[in-house]
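A look at the structure
Spelled out from the first residue to the last, the chains are:
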Amino acid sequence: NSKVIQTPRYLVKGQGQKAKMRCIPEKGHPVVFWYQQNKNNEFKFLINFQNQEVLQQIDMTEKRFSAECPSNSPCSLEIQSSEAGDSALYLCASSPGHSNERLFFGHGTKLSVL
Amino acid sequence: GDSVTQTEGPVTVSESESLIINCTYSATSIAYPNLFWYVRYPGEGLQLLLKVITAGQKGSSRGFEATYNKETTSFHLQKASVQESDSAVYYCALGGPNSGTYQRFGTGTKLQVVP
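Scope of this entry: the structure provided in the associated data block.

Each value, and the rule that gives it
Residues numbered from 1 in each chain as written. Chains lettered and ligands numbered in written order. Predicted model: local features only at pLDDT ≥ 70, side-chain atom pairs only at ≥ 80, totals over all residues. Heavy atoms only, no water. Phe/Tyr/Trp six-rings, centres within 6.5 Å; stacked < 30°, edge-to-face > 60°. Helix = DSSP H or I, 4+ residues; strand = E, 2+ residues; numbered from the N terminus. Buried < 20%, exposed > 50% of the residue type's maximum accessible area, 1.4 Å probe, protein only. Lys NZ or Arg CZ within 6 Å of the ring centre and 35° of its normal. Polar contact = N/O pair within 3.5 Å; in protein donor to acceptor, adjacent residues only side chain to side chain. Contact = heavy atoms within 4.5 Å. Core = buried A, V, L, I, M, F, W, Y, C linked by side-chain atoms within 4.5 Å. Salt bridge = Lys/Arg side-chain N within 4 Å of Asp/Glu carboxyl O. Pairing = 2+ DSSP bridges. Axes fitted to C-alpha atoms, helices over the stretch in contact; angles between N-to-C directions.

**Considering the packing of aromatic side chains**
- Throughout the structure, instances matching the rule amount to 14 aromatic pairs over all chains.
- Ring centres of Phe43(A) and Phe105(B) lie 4.4 Å apart, and the angle between their planes is 15°; this geometry places the pair in the stacked category. Of the two residues, Phe43(A) sits in strand β5 (residues 43-50) while Phe105(B) sits in strand β11 (residues 104-105), which places them in two different chains. Like Phe105(B), Phe43(A) is buried.
- Taken together, the ring pairs in this structure connect Phe33(A), Tyr35(A), Phe43(A), Phe45(A), Phe105(A), Phe36(B), Tyr38(B), Tyr91(B), Tyr102(B) and Phe105(B) into an aromatic cluster.
- The ring centre of Phe104(A) lies 3.8 Å from the NZ or CZ of Arg102(A), which sits over that ring.
- Here the guanidinium or amino end of Arg104(B) rests over the ring plane of Tyr102(B), the centre of that ring lying 3.9 Å away.

In structure tokens form, the structure reads like this:
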């Protein structure tokens, strides 16, 4: 069973609404990744963190997406104003932080924007 | 760019038959690619099946094997005799040697093993 905990499992929002999802990485894992998996099963990397610091982020130029991994709190991904095209499975993964490491995934949050 | 292409599914195989799921990769910004196969069983999260970090090496797990071929830029997944319990979605992924390098995933191959 996955030890990366994502909540909620399902999220339904109207267009323009805020959508927020959370992730608790596996204990002791300092590196956290967020991916978006769309209806065509394509994975899109969004952002990753090492501890609280952003390592890389891609394609958040619309600024509707924001993410953080505060100390002693779950990581979160928030969409300020949801659009229909944001409907997807949002996957959080963590890693022990060593090189060549596998990712440990949560079950994901399935976002539906109506 | 860096990308992964794999067999489009769904793939249906009879129990005890052999299986190959093709995966090819393109690594233009990753100098020393690492290759992974992940699997998502029904109702479960994505989990690692096997990984290989050195070209020419073979990885194996649960009867599955994959060889990292740098010449053909391939990492095909094979199993000699599948079981119903192997029914799942399989994802090939490309990563780098640094802990923060994000992995690139294929779009998955849904495998259905029938009795």
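**What to know about the side chain of Asn48(A)**
- Positionally, Asn48(A) belongs in strand β5.
- The exposure class of Asn48(A) is buried, given its relative accessible area of 0%.
- Within the local environment of Asn48(A), its side chain forms a polar contact with the backbone nitrogen of Gln56(A), the two atoms lying 2.8 Å apart.
- The residues contacting Asn48(A), other than those within four sequence positions of it, are Val32(A), Phe33(A), Glu53(A), Val54(A), Leu55(A), Gln56(A) and Gly100(B).

**Quick notes on the environment of Gln56(A)**
- Relative to the assigned elements, Gln56(A) resides in strand β6 (residues 53-57).
- Residues Gln56(A) and Cys23(A) lie 33 residues apart in sequence; the distance between their C-alpha atoms is 18 Å.
- Aside from chain neighbours lying at most four places away, what touches Gln56(A) is Phe45(A), Leu46(A), Ile47(A), Asn48(A), Gly100(B), Thr101(B) and Tyr102(B).

**A few points about the nonpolar core**
- With 27 residues, the main nonpolar core has Leu19(B), Trp37(B), Leu49(B), Leu50(B), Phe75(B), Leu77(B) and Tyr90(B) as its most contacted residues.
- Listing elements by their share of this core, those giving two or more residues are β2 (11-14), β3 (19-21), β4 (23-26), β5 (34-40), β6 (47-52), β8 (64-67), β10 (88-95) and β12 (109-114) of chain B.
- Looking at this core element by element, the count peaks at four residues for β10(B).
- For Leu50(B), the contacting residues outside a window of four places in its chain are Leu35(B), Phe36(B), Trp37(B), Gly59(B), Ser60(B), Ser61(B), Phe64(B), Glu65(B), Ala66(B), Phe75(B) and Leu77(B).
- Listed in part, the 21 residues of the second largest apolar core include Val32(A), Phe65(A), Cys75(A) and Ile79(A).

**Some remarks on the pattern of salt bridges**
- With the rule as written, the count across this model stands at five salt bridges over all chains.
- The shortest N-O distance in the salt bridge between Arg104(B) and Asp2(B) comes to 3.1 Å. On the criterion of sequence distance, the pair formed by Arg104(B) in strand β11 and Asp2(B) in the segment before β1 (3-6) is long-range, its members being 102 residues apart. The two residues Arg104(B) and Asp2(B) agree in class, both being buried.
- Look at the salt bridges and you will find they share partners, linking Arg64(A), Glu83(A) and Asp86(A) into a network.

**Details of the sheet that holds β3(B)**
Residues and elements named next belong to chain B.
- Strands sit in the order β3-β9-β8-β7 across an open sheet of four strands; the sheet is antiparallel. In this open sheet, the two edge strands, each paired with only one partner strand, are β3 and β7 (58-61). Here the average twist between neighbouring strands, direction ignored, is 20°.
- Pairing of β3 with strand β9 (residues 77-79) involves three bridges; the strand directions are antiparallel. When the bridges of β9 are listed, Ile-21 appears paired with Leu-77.

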